[in-house]
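This is what each chain is made of:
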Amino acid sequence: MIQKDLVIVGGGPAGLAAAISAWEDGIRNMIVLEREAQPGGILRQCIHNGFGLHRFGEELTGPEYAQRDIAKARELGIPIACDTTVLSVTEDKHVTCVSTTEGLQVIEAKAVILAMGCRERPRGALGTPGTRCAGIYTAGTAQKFVNLEGFMPGKRVVILGSGDIGLIMARRMTLQGAKVLACVELMPFSSGLNRNIVQCLHDYDIPLYLSHTVTGIEGRDRLTGVTVSEVGPDRRPIPGTEMHFDCDTLLLSVGLIPENELSRGAHVELSPVTSGAVVTDQLETSVPGIYACGNVLHVHDLVDFVSEESFKAGHAAAEMIQHGRETSDTIRVVDGEGVRGTVPQIIRKGTKEEIRLMFRPAAVYKNASVVVSCGDKEIARKRAMIFTPGEMAVIPVAPEKLEGIDGEITVKMEVRK
């Protein structure tokens, strides 16, 4: 059995940032396990710009952003094992992996950081009626075809869902010569960043149909058309509102799911809201010594926040390896009205660091505030002109504000009247 101080599962932006942080804190006996042939994760196929504004103060493409961390990891000498698939992680931090060069290996670690990222929700999870014809892809698959493989999925395109990948692919397919007929969103608001709605739809006169969904798929061998219907407040199609689009391609941008199969195998507690791990303010899961960060923890809107979070996970793991694990009483963080999936869910009492609570608003809120409270005691408040589900909301909490608090605190939206 191989002995390592730290094993990081995933060589995308989260895994690389965690590895760099841990290495700079003095951890040398470590390894990053990556199933793809190269590190960098999903950023390798995201050739559009807009990355790095928060972290680097400049606009970078996805590959440029990833290359900065790849180059830093190589400069430090961090070992990255690519083409290596992790089969299981156990509660006692035994990591089983396999590769064509090393075969089957079992690594015993003092700490494990889970940074596996997320995957797209497929057609099978939607229950959309129609034939099982070719021409239906997730937006990320189409992005890989176009940007990495040089293959165009189709010429007449409808996009279901207004997540950021779908919005970006609307622009990308247009620039490659395809005709994007419509972007269709089930909810009454977009789930993507506002800048992507403007730059990817409005700038190319691509219509966005809110409160609509695909209710029919046509075609035997290849997709020939889709039917789109308006939905009511109950999200059910309204008879008589059908629109037909002749198309050969349907791209699905209907949500991302954290890849937590390994987390389940390690008996890590998962949140029913985020589908990621339940973590402390140190990003430690319910299993001591196992940490989670990035999109496997909760789906982020910006990779800059993924890196920031993952640096913290690497530092926390290094601290535990070198100085042992401290236990303390905790405060539970609860979602209140208008709030979904606050992370972290647990705060250690006596922490000296500022806590950054992150969540997605449940709807669009204008002239509103995020309020953190314990009973009648207000702990923190942040006001903004608008909060939307497409953008992460972040509210900092000073550690001294948590002194004397027992039980739980609540994060909620408050609309000014």
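Above: the structure in question.
Keep in mind that this is a model prediction, so the values were computed, not measured. (Residues numbered from 1 in each chain as written. Predicted model: local features only at pLDDT ≥ 70, side-chain atom pairs only at ≥ 80, totals over all residues. Heavy atoms only, no water.)

Before going further, it helps to examine the pairing of strand β22 (residues 365-374). Across a regular strand the side chains alternate sides, sitting on one face of the sheet and then on the other. Within β22, seven of the 10 residues are buried, which leaves the element mostly enclosed by the surrounding structure. Here nine bridges tie β22 to strand β23 (residues 377-387), and the two strands are oriented antiparallel to one another. Directly across from Val 372, in β23, lies its bridge partner Ala 380. Adjacent in sequence and paired antiparallel, β22 and β23 are bridged by two residues, among which Gly 375 carries a positive phi angle near 65°. Note: β22 against strand β25 (residues 408-415), six bridges, orientation antiparallel. Considered in β25, the bridge of Ala 368 is made with Val 415. (Buried < 20%, exposed > 50% of the residue type's maximum accessible area, 1.4 Å probe, protein only. Helix = DSSP H or I, 4+ residues; strand = E, 2+ residues; numbered from the N terminus. Pairing = 2+ DSSP bridges.)

Mapped onto the fold, Gly 375 is located in the loop between β22 and β23. For the pair Gly 375 and Thr 410, spaced 35 residues apart in sequence, the C-alpha separation works out to 8.2 Å.

Applying the stated criterion to the full structure yields zero disulfides. In this model Cys 46 remains outside any disulfide bridge; the closest cysteine sulfur is found in Cys 118, 10 Å from its own. The exposure class of Cys 46 is buried, given its relative accessible area of 10%. You can see Cys 183 has no disulfide; the closest cysteine sulfur is in Cys 200, sitting 9.9 Å from it. Residue class for Cys 183 comes out buried when judged on its relative accessible area of 0%. (Disulfide = S-S within 2.5 Å.)

Another aspect to go through is helix α3 (residues 62-76). In this model, α3 (15 residues) spans 22 Å end to end at C-alpha, consistent with the 21 Å of a helix rising 1.5 Å per residue. Among the residues making up α3, those that are buried are Gly 62, Tyr 65, Ala 66, Asp 69, Ile 70 and Ala 73. Looking down the long axis of α3, one finds its buried residues gathered within 130° of arc, a one-sided arrangement. Seen from the open side of α3, the exposed residues pointing more than 90 degrees away from its buried face are Arg 74 and Glu 75. Turning to α3, the residues buried within the fold contact α1 (13-24), α2 (53-56), β3 (80-81) and α8 (303-323). (Expected span 1.5 Å × (residues − 1). Arc of directions from axis to C-beta. Contact = heavy atoms within 4.5 Å.)

In short, geometric facts, not functional conclusions.
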